[in-house]
Amino acid sequence: MIRDNRRLDLLLLAALISFVILPWYRLRSGFFGLGWVGDYLTDARVWPGVAQLGQWWLWPVPVMLLAAALLRLTLPPARRGGWLAILGAAGIAWMMTQGLSVGLRGWNWAALKALGDVGGQQAFGAGAIGILLCFAGLIAYGLAERGALKGDAFVLGSITLLIGLVALFVFYPLVSMFTGAFQDFDGSFTSAGVARNIGDPKIWSLRCLFGSGGCGVAWRTFFLALSTATGTTLLGLAFALVATRMRVPFKTGLRLLTVLPIITPPFVIGLALTLMLGRAGFVTQFIEDVTGWELGRWLYGLTGIWIAQMLSFTPISFLVLIGVVEGVSPSMEEASQTMRASRWRTFRRVSLPLMAPGIANAFLISFIESMADFGNPLVLGGNGGVLSTEIFFAVVGAQHDPARAAVLATVLLGFTLSAFLAQRLWLGRRNFATVSGKGDGGRHAALPRRVAWPVTVVVFLWAAFTVFVYGLILFGGFVKIWGLDHTLTLEHYTRAFSVGWQGGFVWTGVAWNSFWTTMKIALIAAPLTAAVGLLTAWLIVRQRFPGRGIFEFALMMSFAIPGTVIGISYIMAFNLPPVQMTGTAMILIFCFVFRNMPVGVRGGVAAMAQLDASLDEASLTLGASSPRTLRRVILPLLRPAILAALVYSFVRAITSISAVIFLVSAKYNMATAYIVGLVENGEYGIAIAYSSVLIVVMIAVIGTFQLLVGERRLRRQIEPAVQKRPKEVQA
Amino acid sequence: MTSPRRGAVAFEHVRKDFGGFTAIPDLTLRIEPGELVTLLGPSGCGKTTTLRMLAGLESPSAGRILIGGEDVTRLPANRRDVSMVFQSYALFPHMTIAQNVAYGLESGGMKAGPARDAADRGLGLVGLDGMGERLPSELSGGQQQRVAVARALVLEPQVLLLDEPLSNLDARLRRRVRTEIRDLQQRLGFTAVYVTHDQEEALAVSDRIVVMQDGRIAQEGTPRALYEQPASDFIADFIGEANVVPCEVDRVADGMATVRVGGLTQTVPARDAAPGPAQLSVRANAITLQEGNGPFGGKIVSSAYLGDHLEYEIETDVGLLFAIDAEGHAPLRPGTPVSLGFRPRGLALIA
Ligand SMILES: Nc1ncnc2c1ncn2[C@@H]1O[C@H](COP(=O)(O)OP(=O)(O)OP(=O)(O)O)[C@@H](O)[C@H]1O
Ligand SMILES: [Mg+2]
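None of the values given here were measured: they were computed from a predicted structure. (Residues numbered from 1 in each chain as written. Chains lettered and ligands numbered in written order. Predicted model: local features only at pLDDT ≥ 70, side-chain atom pairs only at ≥ 80, totals over all residues. Heavy atoms only, no water.)

### Section: the overall build of chain A
So, point 1. Helices and strands together make up the secondary structure of chain A, namely 29 helices and 6 strands.
So, point 2. Here chain A holds 731 residues, and the buried ones make up 54% of them.
So, point 3. Put simply, of all contacts in chain A between residues at least 6 apart along the chain, 74% involve residues at least 24 apart.
So, point 4. As presented, chain A carries roughly 33,100 Å² of accessible surface, and 66% of it is formed by carbon and sulfur atoms. (Helix = DSSP H or I, 4+ residues; strand = E, 2+ residues; numbered from the N terminus. Buried < 20%, exposed > 50% of the residue type's maximum accessible area, 1.4 Å probe, protein only. Contact = heavy atoms within 4.5 Å. Areas by Shrake-Rupley, 256 points an atom, 1.4 Å probe, with all protein chains shown as cover.)

Written as structure tokens, this is what we have:
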């Protein structure tokens, strides 16, 4: 009772501060800057909400806050709770309505002009956002006082906040993108842009199958994704079988290979392929010299992209499939053999069907990765791009056609989401987990010979090719001009990363600027992502709130949103009020957090499922609050999952390009975007040198994370080697 | 805090739905301070649900719950003055035993030093002095169980909840630990609610037993009352494995009834019975049998040898009877005709 009142008082106090002290509207100087304090008396733009009440659409805000204060003074917690929650919800709804209705230059929607003339308003600033958070707090505290979710205000607050954030950073951008497709430059409704693009034969033509000519970009992307997914799944399966079912040397080496693509910026493989097989590549030259053929630009186009994607995504598929192959219970195979099945029959009738869901999963992941891939097509696409690059050029290119970008993005999203849904439906009926809780003795059946041989040969050829390509990448940073002048030099490294002394220490290299920005943003984003992801996982696993299933499904679905789509939708959503942040570091951080969070959630859910729920409950009945339970009991037991989430989000923040390239600005340039610029200018040497440095830095930082997070101590003696299930890696 | 009602528990018309399924339709139950009450019943009857509602881990769909006279229905678990011993113990695997026991004290705001001292005293109480530095994985099952009890007890809660605390232990340890828990409870005088589905355990430790069936209270009372005066055939069968057979009450005099069952006539406590058809609970060990024919005859259907006794299923005129013979040496073969009799102490009319 007393506690309920105290926390509500604090919340109302925060609302008061937000409304009468903090600047209501967004300031150019940035969200956290304090420059406004000096201009407080003179500049109306920095005034708080209470001074902006000349704008009638802000009146409901103080009215609702006063109503909340009145409830606090007159009613006991149990009776006021429902009303407080309703006030909070109404407050958020009103803030959204007015923010979306009144834009920079007045009404955003022509239909509203009838309500009379309004001046414009800026985007939300610290004050408005503070008020929004307080309304969210009212919902949480109100529901807690009513006894919802066992009256746990922390849980309710987290859920409210998370749903708000996901709505703002996942759904609002997508909706903005769709509406953006139907808007003219001045914001009025038009379907001209969509009509022009939606039936465009350049997107939909199927002439490469029937008749002559090329196919539309949508189909080409689709065919490419199918081939990549098929290829990487087969290869990944081959790798997984070799790694688990055969006695071969270099097994650890094979596993190490799989880490490489994860820490490789996505276009680097494309770059290496260019250097090898491109017009001036040494293999091309060699073949031309020997045979006299004119190979020219054969690499550029779908073939080249396909090879690059095979190199990039096979390891990911391997990571998924090795868990699947190991997961097939040996006793099933032994049972089959005791029933007089040959090794081949056992493999075909028992092992493969048991692996089928996992194989489908690997296929889906590769399919989505291929669809979403931006770096490789950018480098290798030549004249015929894929959807993601077309989207990019529709925005930044000479054509500048946002409607076209939105249509293409919708098509791309349609493909990936359908793949995701199809897999969900298909898996729904055949979910046979074969890893049982029972200690499963027995040995996996050896591979039938007719599978074993081809698989081994393919695997070793491919592994050699991968090693060669990576060797090339390292080597490429040390030669003068690739293909022309192979003298060894450190020139590229010094140009990129030199430091100097000009009356003080200066970072003179050209790469430093983007390098430090990248590090800062990645290091801020990684812990945030891990925190948000694991908190979400905890809520999903441990709390039964209405809509939980939908919430989880929506989160998992955001896996399937390609980076390019995220990039373009963020620009369309956050370029104008009410929430404006293009050109800031904040937009990059939010982009990373919400793009990589689903992986943290998935890892967290898997880890949490192994923790007995009675541990949480024991902590609660021992008088610990939920935050304390999280901190003292759950987090220490989740260390491996925390580490995985940290590493993953850090690495993805550094290597990703597809969304980032839309969101960088002159002030906040990221390494990958900078390197792409170098590639476009033909400065391959520096580009490769920079990429190699990134790879090394990532390895170092991952090691540091490992030390910081530390080991989870459950037993004093060394733990017996637990079978580690590789994390699934996702777009 | 030391109100006279400290330690009293009351459920008032509590209902609990899970989605569309009603686990507890309408539960009203009072528990007196210092009492050890056992919730007993078959699997799925709602014992754990009841206990978890009391702990604040589930919220009731309707009704009120009071602890120490105070309405706690909407109070979160961490603000209720109860603690719970979990079936799985739920010891935090990354903390030492002492840290585990001190955890609740520190959550309540106690400083680390005093909390540690109190934890050591708590460990002493359950006979685990000097084990504070070990990790839970370094203790035996029974020791872990006692840590779980100590961890709950050091908080000196009004009510201690125990959900099948012994089900992970072997039979011998179970007997010992249950005596220890009962001793502690009587010594320290706290209220305890104990969940089990082992009727022997319930009979051994309880002041009062509440038998539940499908979320309802089927009968409550002292162990003796339940055993000797079952209110229904369900209770008779559930407590002490009784056969329930139809009988005819001939007359009632001086609190004793004369009943006819099978071909025999018996005198049993009347328990408000009136002449006419009735039901009689016959304990399995109250049936005597001899090879041959008699006024009340039957045929062996199956037999089992269990060391110190023999178990039989016998086909009779009043149905299939389950009998325990503690005196026979060699089991009778199926098909053997037997003559049956009753020991009066194992008979009770069902009210
Ligand atoms: N979270 C839940 N969701 C849906 N139904 C539930 C849930 N928890 C319990 N139930 C149902 O409520 C009923 C009572 O369950 P409860 O766990 O209280 O049984 P119990 O008496 O403790 O059984 P046992 O002796 O097997 O532990 C059961 O039918 C169970 O299926
Ligand atoms: Mg139970």
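### So, the overall build of chain B
So, point 1. On a plain count of helices and strands, chain B comes out with 8 helices and 20 strands.
So, point 2. Along the three orthogonal principal directions, the C-alpha set of chain B runs to about 75 × 45 × 40 Å.
So, point 3. Burial analysis of chain B (351 residues in total) assigns 51% to the buried set.
So, point 4. Long-range pairs, those at least 24 residues apart, make up 67% of the contacts in chain B between residues at least 6 apart in sequence.

### Remarks on the side chain of T389(A)
So, point 1. By the secondary structure assignment, T389(A) is in helix α16 (residues 387-396).
So, point 2. Once you skip the residues sitting within four places of it in the chain, T389(A) turns out to touch F374(A), P377(A) and L378(A).

### Details of the pattern of salt bridges
So, point 1. Summed over the entire model, instances satisfying the criterion amount to 26 salt bridges over all chains.
So, point 2. Here R224(B) and E228(B) are joined by a salt bridge, their closest N and O atoms 3.3 Å apart. With R224(B) and E228(B) both in helix α7 (residues 223-228) and 4 residues apart, the pair spans about one turn of that helix.
So, point 3. Overall, R224(B) belongs to the exposed group, its relative accessible area being 59%.
So, point 4. For E228(B), a relative accessible area of 31% gives the class partly exposed.
So, point 5. Shared partners join several salt bridges into a network, and the residues in it are E617(A), K16(B), R52(B) and E58(B). (Salt bridge = Lys/Arg side-chain N within 4 Å of Asp/Glu carboxyl O.)

### Some points on helix α5 (residues 171-188) of chain B
Residue and element names in this part refer to chain B.
So, point 1. A rise of 1.5 Å per residue sets the reference length of α5, with its 18 residues, at 26 Å; its end C-alpha atoms lie 26 Å apart and thus fit the reference within 8%.
So, point 2. Listed in full, the buried residues belonging to α5 are L173, V177, R178, I181, R182, L184 and Q185. For α5, the angular spread of buried residues about the axis comes to 165°, placing them on one side. Residues of α5 that are exposed and point over 90 degrees away from its buried face: R172, Q186 and R187.
So, point 3. Among the structural elements, β3 (36-40), α3 (112-125), α4 (141-153), β7 (159-163), β8 (191-196) and α6 (199-205) are those in contact with the buried residues of α5.
So, point 4. Once α5 finishes, G189 follows within two positions and takes phi at roughly 75°, a positive value. (Expected span 1.5 Å × (residues − 1). Arc of directions from axis to C-beta.)

### Examining the site of ligand 1
Residue and element names in this part refer to chain B.
So, point 1. The environment of ligand 1 is made up of F18, F21, A23, S43, G44, C45, G46, K47, T48, T49, E164 and H197.
So, point 2. A distance of 2.7 Å separates an oxygen atom of ligand 1 from a polar side-chain atom of K47.
So, point 3. In this structure, T49 approaches ligand 1 through a side-chain N or O atom, which is 2.5 Å from an oxygen atom.
So, point 4. Here ligand 1 loses 62% of its free accessible area of 630 Å² to cover by the protein chains.
So, point 5. At the level of secondary structure, the elements contributing two or more residues to the shell around ligand 1 comprise β2 (21-31) and α1 (47-55).
So, point 6. Considering every element that reaches the shell around ligand 1, the biggest residue donor is α1, with 3 residues. (Near = heavy atom within 4 Å. Polar contact = N/O pair within 3.5 Å; in protein donor to acceptor, adjacent residues only side chain to side chain.)

### A short note on the UniProt feature "domain: ABC transmembrane type-1" (unreviewed entry) in chain A
So, point 1. Annotation from UniProt places "domain: ABC transmembrane type-1" (unreviewed entry) at residues 218-423 and 515-705 of chain A.
So, point 2. Taken end to end, residues 515-705 of chain A comprises 78% helix and 0% strand; its first and last C-alpha atoms sit 19 Å apart. (UniProt positions renumbered as here; feature names shortened; annotations may be inferred.)

### Some points on the interface of chain B and chain A
How big an interface is tends to be reported as the loss of accessible area on association of its parts.
So, point 1. With 35 residues of chain B at the contact, the number on the chain A side is 32 residues.
So, point 2. If you sort the residues of chain B by the area they bury against chain A, R74(B), H94(B) and Y103(B) come out on top, with a joint share of 22%.
So, point 3. For the pair chain B and chain A, the number of links is 2 salt bridges.
So, point 4. The shortest N-O distance in the salt bridge between R52(B) and E617(A) comes to 2.8 Å.
So, point 5. Across the contact surface, chain B and chain A share 8 residue pairs in polar contact (both at pLDDT 80 or more).
So, point 6. When residues of the side of chain B that touches chain A are traced back to their parent elements, those giving at least two are α1, β6 (82-85), α2 (97-107) and α4 of chain B.
So, point 7. It is α2(B) that provides the largest number of residues to the side of chain B that touches chain A, a total of 4 residues. (Buried area = accessible area lost by both parts, 1.4 Å probe.)

### Let's talk about the UniProt feature "domain: ABC transporter" (unreviewed entry) in chain B
So, point 1. Under the UniProt annotation, the feature "domain: ABC transporter" (unreviewed entry) is placed at residues 9-239 of chain B.
So, point 2. Here residues 9-239 of chain B is 36% helix and 26% strand, with 25 Å between the C-alpha atoms at its ends.

### Regarding the domain arrangement of chain A
All names here are of chain A.
So, point 1. Segmentation of chain A into domains returns domain 1 (2-108 + 119-146), domain 2 (203-258 + 298-462) and domain 3 (524-684).
So, point 2. Between domain 2 and domain 3, the residue contacts involve 22 residues of the former and 19 residues of the latter.
So, point 3. Around 1,700 Å² of area is buried between domain 2 and domain 3 when both sides are counted, 83% of it from carbon and sulfur atoms.
So, point 4. Looking only at domain 2, the three residues that lose the most surface to domain 3 are F374, F392 and F420, adding up to 25% of its buried area.
So, point 5. Our count for the contact surface shared by domain 2 and domain 3 stands at 0 salt bridges.
So, point 6. Where domain 2 packs against domain 3, one counts 1 residue pair in polar contact (both at pLDDT 80 or more).
So, point 7. Of all the secondary-structure elements, those providing two or more residues to the side of domain 2 that touches domain 3 are α14 (343-372), α15 (375-380), α16 and α17 (402-429). (Domains from an automatic or database assignment.)

### Digging into the domain arrangement of chain B
So, point 1. In terms of domain boundaries, chain B breaks down into domain 1 (9-228) and domain 2 (242-350).
So, point 2. Here domain 1 of chain B and domain 2 of chain B have C-alpha centroids that lie 39 Å from each other.

### A word on the sheet that holds strand β5 (residues 70-71) of chain B
All names here are of chain B.
So, point 1. One open sheet holds the 4 strands; their spatial order is β2-β1-β4-β5, and the pairing between them is antiparallel. If you trace the sheet from one side to the other, it starts and ends with β2 and β5, each paired once.
So, point 2. With 2 bridges connecting them, strand β4 (residues 62-67) and β5 associate as antiparallel partners. Bridging from a neighbouring strand, I67 pairs with E70 of β5.
So, point 3. Sitting on the sheet, α1 touches β1 (9-18), β2 and β4, and the angle it makes with β1 is about 115°. (Pairing = 2+ DSSP bridges. Axes fitted to C-alpha atoms, helices over the stretch in contact; angles between N-to-C directions.)

### Structural notes on the sheet that holds strand β14 (residues 276-283) of chain B
Two orientations exist for strands paired in a sheet by backbone hydrogen bonds: parallel and antiparallel.
Residues and elements named next belong to chain B.
So, point 1. One open sheet accounts for 5 strands, arranged β13-β12-β11-β14-β20; its pairing is antiparallel. With one partner strand each, in any of the chains shown, β13 (264-269) and β20 (347-349) form the two edges of the open sheet. Put simply, the sheet's adjacent strands are angled 40° from each other on average, direction ignored.
So, point 2. Sheet analysis places strand β11 (residues 242-253) next to β14, joined by 8 bridges and oriented antiparallel. Across the sheet, the residue bridging to V249 is G276, located in β14.

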